[in-house]
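Descriptive analysis of the structure
This is what each chain is made of:
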Amino acid sequence: MTYSFELLLLVLLILTAGGAIVVKDLISAVVILGSYSFFLALVWAWLGAVDVAFVEAVVGAGLATVFFLLTLFGTAPKDTLIRRTPPPIAAVIALPLLGLLLLYAADDLPAFGDLQAPASVHVSPFYLENSFSDTHTPNVVTAVLMDYRALDTMMETAVIFTAGIACWLILRRRVS
């Protein structure tokens with residue numbers, strides 16, 4: 001059951017990514033990319049990264065899809081057709097080779113849930129043992145995100161805020 005669900009998610013991700021590339025209409029591409037983002041949120045949830053899954057679902061499948069569709073509905077229908085030139089032959093050859101190289105390199109990564117992986121041996125025990133005494137926060141995830149990695153979290157928040165402001169500026173209606 002586990003492997004069949006993972007395989008199904010992988011196939012759906014590949015199909016939606018490929019479909020968004022091949023489709024000739026921007027509105028269709030946006031809808032397909034929204035479904036890709038939804039399937040990716042399922043992958044993150046399946047892997048136990050519920051916070052990342054939530055952000056992917058809200059920002060990727062939700063807000064990005066809505067903002068793209070609002071933008072496209074404000075354009076002329078003739079502008080939503082995609083005119084493509086054929087991809088360079090070097091890209092057609094190099095990208096699958098790069099994918100195979102990444103799959104080969106993934107074999108060297110620690111197994112999912114491996115208790116002897118470097119993150120499980122070095123980083124996690126430190127956070128679990130010291131988070132309350134260092135941060136006075138009973139929730140370890142909150143301690144990691146808001147104390148140990150506060151600068152990283154602040155920058156991610158600034159990027160999301162800036163993207164939201166940019167979308168608002170693009171989509172606002174000018175009153176004449």
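Look up: the structure comes first, before these words.
Below, the structure is looked at part by part. (Residues numbered from 1 in each chain as written. Predicted model: local features only at pLDDT ≥ 70, side-chain atom pairs only at ≥ 80, totals over all residues. Heavy atoms only, no water.)

Quick notes on a nonpolar patch on the surface
Note the cut-off: For patch building, the residue pool is restricted to those with more than 30% relative accessible area and no salt bridge; the joining distance is 9 Å between like charges and 5 Å between nonpolar side chains (Val, Leu, Ile, Met, Phe, Trp, Tyr). For the accessible areas, the method is Shrake-Rupley and the probe is 1.4 Å, while residue cover comes only from the protein chains on display. The salt bridge criterion pairs a side-chain nitrogen of Lys or Arg with a carboxyl oxygen of Asp or Glu, the two atoms within 4 Å. Where helices and strands are cited, they refer to DSSP runs of H or I of at least four residues and of E of at least two residues respectively, numbered from the N terminus.
Side chains of Phe54, Val55, Val58, Val59, Leu63 and Ile160 sit close together on the surface and give an oily, nonpolar patch of about 510 Å² of accessible area. For the nonpolar patch, the element with the most residues is helix H3 (residues 50–73), which contributes five residues. Within the element layout of this structure, isoleucine 160 appears in helix H7 (residues 150–171).

Things to note about the packing of helix H5 (residues 118–135) against helix H6 (residues 140–148)
Worth spelling out the cut-off: To get an axis, fit a line to the C-alpha atoms, keeping to the stretch in contact for a helix; angles then go from 0 to 180 degrees between the N-to-C directions. In this scheme, roughly parallel covers angles under 35 degrees and roughly antiparallel covers those over 145, while 65 to 115 is roughly perpendicular and the rest are oblique. Handedness of a crossing is defined here by the sense of rotation of the near helix relative to the far one, left-handed for an anticlockwise turn of less than a right angle and right-handed for a clockwise turn. Any two residues whose heavy atoms approach within 4.5 Å are treated as being in contact. Residue classes follow a fixed rule: Ala, Val, Leu, Ile, Met, Phe, Trp, Tyr, Cys and Pro count as nonpolar, while Asp, Glu, Lys and Arg count as charged, and any other residue, Gly among them, counts as polar.
Contact geometry of H5 with H6 gives a least axis separation of 10 Å together with a crossing angle of 70°. Taken together, the axes of H5 and H6 lie roughly perpendicular to each other. Judged by the sense of rotation from one axis to the other, the crossing of H5 with H6 is left-handed. Contacts between H5 and H6 pair Phe126, Tyr127, Leu128, Asn130, Ser131, Asp134 and Thr135 from the former with Val140, Ala143, Val144, Asp147 and Tyr148 from the latter. In terms of residue class, the contact of H5 with H6 is built from seven nonpolar, three polar and two charged.

With respect to the pattern of salt bridges
The condition is simple: When accessible area is computed with a 1.4 Å probe and restricted to protein chains, residues below 20% of their type maximum are described as buried, those above 50% as exposed, and intermediate ones as partly exposed.
For the coordinates displayed, the defined rule picks out one salt bridge. Note that aspartate 152 is salt-bridged to arginine 149, the shortest N-O span being 2.5 Å. For aspartate 152, a relative accessible area of 30% corresponds to the partly exposed category.

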